[in-house]
Amino acid sequence: MELGRLEYLQALVTEFQVTDSPGNPRALLLANTLPVQCVSSHTWCFFIAEAKEQVLANLANFAYDPKNYEYLRQLQVLDLFLDTLTEDNETLVEFAIGGLCNLCLDKTNKDYILEANGVEPIINCLSSSNEETVMSAVTTLMYLTTLQSRQQTTALPVVECMLRFSLSASRRLSNLATVFLEDYCTPLQVEEARNLSKHTAVGIPLPKD
C-alpha cells in the first residue's frame, strides 16, 4: 500500500469535513488575498464554500484512477460523495456526481452504491440546472444498470426524463439520452413513457445550456 497516497487522500477528506471551521487553512489562504476590512461574514462564507469546492474537486479527480479505488473506499469517500448530492451548492453536487461517475466503473464500487440506496439521489440530480451534473448523472445511471437494478435505474420517470433530454438543444445531452433510451430501456418502456408524457407534465426540467 502506498502510504503517501493514502495519507494525502486522508488529509483531503479531513479537510473537507472540517472546512466550516474558522481556522480552515485553505479558506484563510483565500481570505488573505483581500484586505482585512474587506473580509465580512458574507465574504468568509464565500471562502468556506470555495475551499470545500476545491477539496471535493481534488477528491473527484483522484476517483479517475483505479489505483485509488481501495483507498477511497477505505476513507468512505463514496459515502461522502453520496451525502454531498443533497447539498444546495450546485458546484459541490457537480463534483460529487462526477466522482461517483468515475468510481462506479469498478464493480465493487458499483455494488456499494447500489446497496447504499444511491440510485435515488443520483436520479434527483437529473433535475439540476447544471448540464455537467446532468451528464454525469445520466452516465452514472448507465454504469449502475444491472439485471437487479434495472427496475430502479430505468424507472418510468427516468425514461420520461430521457425522452425530454433527447430533444435538448445540447447535442451531447441529446445524444447521451438517446443512447440511454436505445441501449438501457426496452421499446415497451419508451413507448409507455412517451404515451404518459402526452397526458402529464414532466417535473424534471431541461438543464440550462
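Scoring rules and cut-offs
- Residues numbered from 1 in each chain as written.
- Predicted model: local features only at pLDDT ≥ 70, side-chain atom pairs only at ≥ 80, totals over all residues.
- Heavy atoms only, no water.
- Phe/Tyr/Trp six-rings, centres within 6.5 Å; stacked < 30°, edge-to-face > 60°.
- Lys NZ or Arg CZ within 6 Å of the ring centre and 35° of its normal.
- Core = buried A, V, L, I, M, F, W, Y, C linked by side-chain atoms within 4.5 Å.
- Buried < 20%, exposed > 50% of the residue type's maximum accessible area, 1.4 Å probe, protein only.
- Helix = DSSP H or I, 4+ residues; strand = E, 2+ residues; numbered from the N terminus.
- Domains from an automatic or database assignment.
- Contact = heavy atoms within 4.5 Å.
- Salt bridge = Lys/Arg side-chain N within 4 Å of Asp/Glu carboxyl O.

Colleague: Explain the packing of aromatic side chains to me, please; I cannot follow it from the model alone.
Modeller: For any pair of aromatic rings, geometry is given as the distance between the ring centres together with the angle between the planes. Taken as a whole and assessed by the stated rule, the structure comprises two aromatic pairs. Between K52 and the ring centre of F16, over which it is positioned, the NZ or CZ distance is 4.9 Å.

Colleague: Looking at this structure, how should I read the nonpolar core?
Modeller: Core analysis: the biggest nonpolar cluster contains 54 residues, and F81, L85, L126, V138, L141, M162 and F165 have the highest contact counts within it. For this core, the leading source of residues is helix α9 (residues 131-144), giving seven residues. Among the domains, domain 1 (1-153) and domain 2 (155-201) are the pair contributing at least three residues each to this core. Setting aside anything within four residues of it in sequence, one finds M162 in contact with L126, V138, L141, A177, F180 and L181.

Colleague: Would you mind going over the pattern of salt bridges with me for this structure?
Modeller: As a working rule, side chains carrying opposite charge can pair if their charged atoms are close by. Following the criterion strictly, the structure yields six salt bridges and no others. R172 serves as the salt-bridge partner of E131, at 2.9 Å between the closest nitrogen and oxygen. Pair noted here: E131 is in helix α9 and R172 is in helix α12 (residues 171-184), with a separation of 41 residues, a long-range link. The exposure class of R172 is partly exposed, given its relative accessible area of 39%. Across the pair R172 and E132 runs a salt bridge, and its minimum N-O distance is 2.2 Å. In this pair, R172 is assigned in helix α12 and E132 in helix α9, connecting sequence segments 40 residues apart. The exposure class assigned to E132 is partly exposed, which follows from its relative accessible area of 36%. It is possible to trace a salt-bridge network through shared partners that takes in E131, E132 and R172.

Colleague: Even after reading the chapter, I still don't get unusual backbone geometry, so can you show me in this structure?
Modeller: Glycine aside, the phi torsion of most residues is negative, and most peptide linkages are trans. One non-glycine residue with positive phi stands out, namely Q76, at about 60 degrees. With respect to the helices and strands, the residue Q76 is situated in the loop between α4 (69-74) and α5 (77-84). Relative accessible area serves as the criterion here: at 53%, Q76 is assigned to the exposed category. Unlike most non-glycine residues, N117 shows phi in positive territory, near 55 degrees. By the element assignment, N117 lies in the loop between α7 (107-115) and α8 (119-124). Owing to a relative accessible area of 61%, N117 belongs among the exposed residues under this scheme.

These figures capture arrangement, not role.
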